[in-house]
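Chain residues, written in single-letter form:
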Amino acid sequence: MFVRGLKRKCFDGEEDIEGTLTGIKAIPSYNLQRQSLLDMSLVKLQLCHMLVEPNLCRSVLIANTVRQIQEEMTQDGTWQMINTQSTGQASLDRLVSTDILCRSSKEQAEGKHVSGYSTFNKDFEGDQTQDSSETMSTASSVQAPRNLQSNVWEMENSQENKGNFQKSLDQIFETLENKSPNSVEDLFSEVDNSYYDLDTMLTGMMSNTKMGHCDGLDTFSSPAPTTSNSNCKSDLNELDHIVEILVES
Amino acid sequence: ADIISTVEFNYSGDLLATGDKGGRVVIFQREQENKSRPHSRGEYNVYSTFQSHEPEFDYLKSLEIEEKINKIRWLPQQNAAHFLLSTNDKTIKLWKISERDKRAEGYNLKDEDGRLRDPFRITSLRVPILKPMDLMVEASPRRIFANAHTYHINSISVNSDHETYLSADDLRINLWHLEITDRSFNIVDIKPANMEELTEVITAAEFHPHHCNVFVYSSSKGTIRLCDMRSSALCDRHSKFFEEPEDPSSRSFFSEIISSISDVKFSHSGRYMMTRDYLSVKVWDLNMENRPVETYQVHEYLRSKLCSLYENDCIFDKFECCWNGSDSAIMTGSYNNFFRMFDRNTRRDITLEASRESSKPRAILKPRKVCTGGKRKKDEISVDSLDFNKKILHTAWHPMENIIAVAATNNLYIFQDKIN
């Protein structure tokens, strides 16, 4: 992992904020810090999809940090569903290209990204999805104060001078929230999803992930998990064949 | 030379194993006492080198499996050969390291160079004789324990019964028997039914040194769970739960990340355990769950730099820690090739540096100090000058003597107490 230098101070001394309450000036500063942290975290999460499996611990910790920030912002009332309407189509292209880059080749082969794209398109036009994740309901509950805050938001944006980058990062986050239920899972379980999909195709094959769900006593008595492991290996040719088909389609 | 990823002394301390990012294992052996060369006692020289793991490709997920050795654990010695377990992200291997210093000569059916002798030429029978040869150290894989982990293995621990061991990944812990490779028992599973709900992962696990039914595992939320395998087959419910209440005054967005435990080690006595989080080392009494009995600050001066360390990912570095043989001292690494030792009795601590520039062989190490603010004294180094690329993540302490092994990126340093 490329380790960058520490040149950018990046708002160290967060704890000093309480001691420097100089009226309105202090509050945007904290919000700036928080927003910057949120942006950074989202970028880190997006960059998780690489050739080597991403570090699950790191992903979980970053995601928890993002959730924490989001919760606090929701409480503050500063959480923005963001100017999805106002930014227009221009940013969409940029967002989509980021999205495609971040997905693994496997998912592209399975055509998953296509469905994700179309879902995002729907949301973009203002349709409410039937997504039942709690994050979605939290987000929609603060849509009311959004308009009031939007002027302040614009002001902050110009102050920060981050421009499009800022907005598209927020959109990435929104995309993560608004996509089909599976996609938020993708942060952690891209691996699991592929197993699951293959499972539905090949009947009778128990995946490794299901081993852990066995009842305690069963793990001692039944040799089923072990035979499935050998089945996995012997079915590899079959799987290769199927993967080829997926890739071609 | 590749980046060293694990360091471990064996039970006698005569052998020191290192694993690296390229999947290689290098074993060092301590020189025997030699009256003609009194200074060579205590020197470790290369004993054996072998390729433990190779890079693999998981075709189902289109992902590479790194060959980096995450952990090495020695088995207690039972005969002339040495055994160790080495693991990468997915597969654990049992290696046998044995010496060969004799060779049989005078076979009846074949020549010295191995060719079969013509049966008609054999006129008499002879008994082969063992002749000495140059010492050869052979490493051979005896068992391969594979296909039991969906997530990355972070720990292995040999049980005190010397028959079983555990392997832990981010979400599960499996129990193995050393003789059986096609089956393992899942004893901990914290994978949620819905992966969206995942907020905590397993970061380290270890068996109790004396009670073969007890093990602990630590989490990314700074908690440690002690489990008793006698209570149920699936140890999802802990017997003890160790967590220090959070200090509300120091709460920040990074609180959870820095509380994540990167290593857990039982003391040799089995009475205590030590945990390492990003900024501190804590010693816990197994009989007290609500807070540690001792806390040592490793590099508190980094607390105000957490945002930068988050940005460059250093905040996710996993430092290990270790006890000395008598449990009176503990050691852990830091940045800038610094490592820290704490004496539990005198409460004194010291910072030392592992680098070629700052120490010549056999020279006594000079204590280092980091200047945290204000005027920088001579010989002190300021926080901003620290090199965060030079991190000491892996250290090991000889089980009986004051000899330590410190891995600084791709260099191994071995230090010992000054002998008069």
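Fair warning: this is a prediction, and the values are worked out from it, not measured in the lab.

Cut-offs applied
- Residues numbered from 1 in each chain as written.
- Chains lettered and ligands numbered in written order.
- Predicted model: local features only at pLDDT ≥ 70, side-chain atom pairs only at ≥ 80, totals over all residues.
- Heavy atoms only, no water.
- pLDDT = per-residue confidence, 0-100.
- Helix = DSSP H or I, 4+ residues; strand = E, 2+ residues; numbered from the N terminus.
- Contact = heavy atoms within 4.5 Å.
- Salt bridge = Lys/Arg side-chain N within 4 Å of Asp/Glu carboxyl O.
- Buried < 20%, exposed > 50% of the residue type's maximum accessible area, 1.4 Å probe, protein only.
- Core = buried A, V, L, I, M, F, W, Y, C linked by side-chain atoms within 4.5 Å.
- Pairing = 2+ DSSP bridges.
- Axes fitted to C-alpha atoms, helices over the stretch in contact; angles between N-to-C directions.
- Expected span 1.5 Å × (residues − 1).
- Phe/Tyr/Trp six-rings, centres within 6.5 Å; stacked < 30°, edge-to-face > 60°.
- Polar contact = N/O pair within 3.5 Å; in protein donor to acceptor, adjacent residues only side chain to side chain.

Turning our eyes to something else, we now look at the confidence of the model for chain A. Residue and element names in this part refer to chain A. Summing up the model confidence of chain A, the mean pLDDT is 50 and the portion of residues at 70 or higher is 18%. In the model of chain A, helix α6 (residues 112-124) stands out as the element of lowest mean pLDDT, 35, in contrast to helix α2 (residues 56-76), which has the highest, 92. Note on residues 82-186: pLDDT under 50 across the span, and 126 contacts to partners over four residues away in sequence or across chains. Note that pLDDT drops below 50 for residues 189-234; the model gives that stretch 73 contacts with residues more than four away or on any other chain.

Applying the stated criterion to the full structure yields 30 salt bridges over all chains. Of the charged contacts in the structure, one is a salt bridge between E353(B) and R368(B), with a shortest N-O distance of 3.0 Å. Taken together, the residues E353(B) in strand β26 (residues 349-353) and R368(B) in the loop between β26 and β27 (369-371) connect sequence positions 15 residues apart. Classification of R368(B) by relative accessible area gives partly exposed; the value is 22%. What you see here is one network of salt bridges that share partners, running through R34(A), E72(A) and D76(A).

Membership of the largest hydrophobic core comes to 42 residues, with the highest contact counts inside it found for Y278(B), L302(B), L309(B), Y310(B), I315(B) and L386(B). Among the secondary structure elements, those contributing two or more residues to this core are α1 (26-46) and α2 of chain A together with α1 (255-259) and α2 (306-311) of chain B. Broken down by element, this core gets its largest block of residues, eight residues, from α2(A). What I315(B) contacts, discounting residues up to four positions off in sequence, is F254(B), I257(B), I258(B), Y278(B), L306(B), L309(B) and Y310(B). Counting 15 residues, the second-largest nonpolar core is a separate cluster that includes L352(B), I392(B), I404(B) and V406(B).

All names here are of chain B. The strand order β29-β30-β31 describes an open sheet built from three strands, whose pairing is antiparallel. Each of the sheet's edge strands pairs with one partner strand only, and the pair in question is β29 (394-397) and β31 (411-416). Looking at each pair of strands side by side, their axes are set apart by 15 degrees on average, direction ignored. In this sheet, strand β30 (residues 403-408) lies alongside β29 in antiparallel orientation, the contact comprising four bridges. When the sheet's bridge partners are listed, T395 is paired in β30 with V406.

A few words on the environment of S308(B). Residue and element names in this part refer to chain B. By secondary structure assignment, the location of S308 is in helix α2. Overall, the relative accessible area of 3% leaves S308 in the buried class. The spatial distance from the C-alpha of S308 to the C-alpha of S328 is 35 Å, given a sequence separation of 20 residues.

All names here are of chain A. For α2, spanning 21 residues, the distance from its first C-alpha to its last is 30 Å, which sits close to the expected 30 Å at 1.5 Å a residue. In terms of residue burial, α2 counts as a mostly covered element, since 16 of its 21 residues are buried. Just downstream of α2, G77 is the residue with a positive phi angle, here 85 degrees.

In this section: the sheet that holds β26(B). Residue and element names in this part refer to chain B. The strand order across the open sheet built from four strands is β23-β24-β25-β26, with neighbouring strands paired in antiparallel fashion. For this open sheet the edge positions go to β23 (321-323) and β26, each flanked by a neighbour on one side alone. The mean inter-strand angle of the sheet, taken between neighbouring strand axes irrespective of direction, is 20 degrees. Inspection of the sheet shows strand β24 (residues 329-333) paired to strand β25 (residues 338-343) by five bridges, in the antiparallel sense. Within β25, the residue paired with G333 across the bridge is F339.

Two faces make up the sheet, and in a regular strand the side chains alternate between them. Residues and elements named next belong to chain B. Along strand β22 (residues 294-297), the buried face is formed by E294 and Y296; none of T295 and Q297, which line the opposite face, is buried. Sheet topology places strand β21 (residues 280-285) next to β22; four bridges connect them, and they run antiparallel. Directly across from S280, in β22, lies its bridge partner Q297.

With that settled, the discussion passes to the packing of aromatic side chains. Residues and elements named next belong to chain B. Following the criterion strictly, the structure yields 17 aromatic pairs over all chains and no others. Geometrically, the ring pair formed by F57 and Y59 is edge-to-face, given 5.4 Å between the ring centres and 65 degrees between the ring planes. By relative accessible area, which is 36% here, F57 ends up partly exposed. Classification of Y59 as exposed rests on a relative accessible area of 52%. Here the aromatic rings of F207 and F215 are separated by 6.1 Å at their centres, their planes lie at 75 degrees, and the arrangement is edge-to-face.

Moving on, we get to the environment of R126(B). Residue and element names in this part refer to chain B. With respect to the helices and strands, R126 occurs in the loop between β9 (92-105) and β10 (129-145). Measuring from C-alpha to C-alpha, the distance between R126 and R368 comes to 68 Å, with 242 residues separating the pair along the chain. Residues within four places of R126 in sequence aside, it is in contact with G106, Y107, N108, E112 and R117. Engagement of the side chain of R126 in a polar contact is seen with the backbone oxygen of G106, the distance being 3.3 Å. Of note is the side chain of R126, whose polar atom sits 2.6 Å from the backbone oxygen of Y107.

Our next topic: unusual backbone geometry. Residue and element names in this part refer to chain B. Look at H162: it is not a glycine, yet its phi comes out positive at around 60 degrees. Following the sequence through the fold, H162 ends up in the loop between β11 (155-158) and β12 (164-168). For H162, a relative accessible area of 37% gives the class partly exposed. For R347, which is not glycine, the phi torsion reads 65 degrees and is therefore positive. Take R347: it is sitting in the loop between β25 and β26. With relative accessibility at 48%, the residue R347 sits in the partly exposed group.

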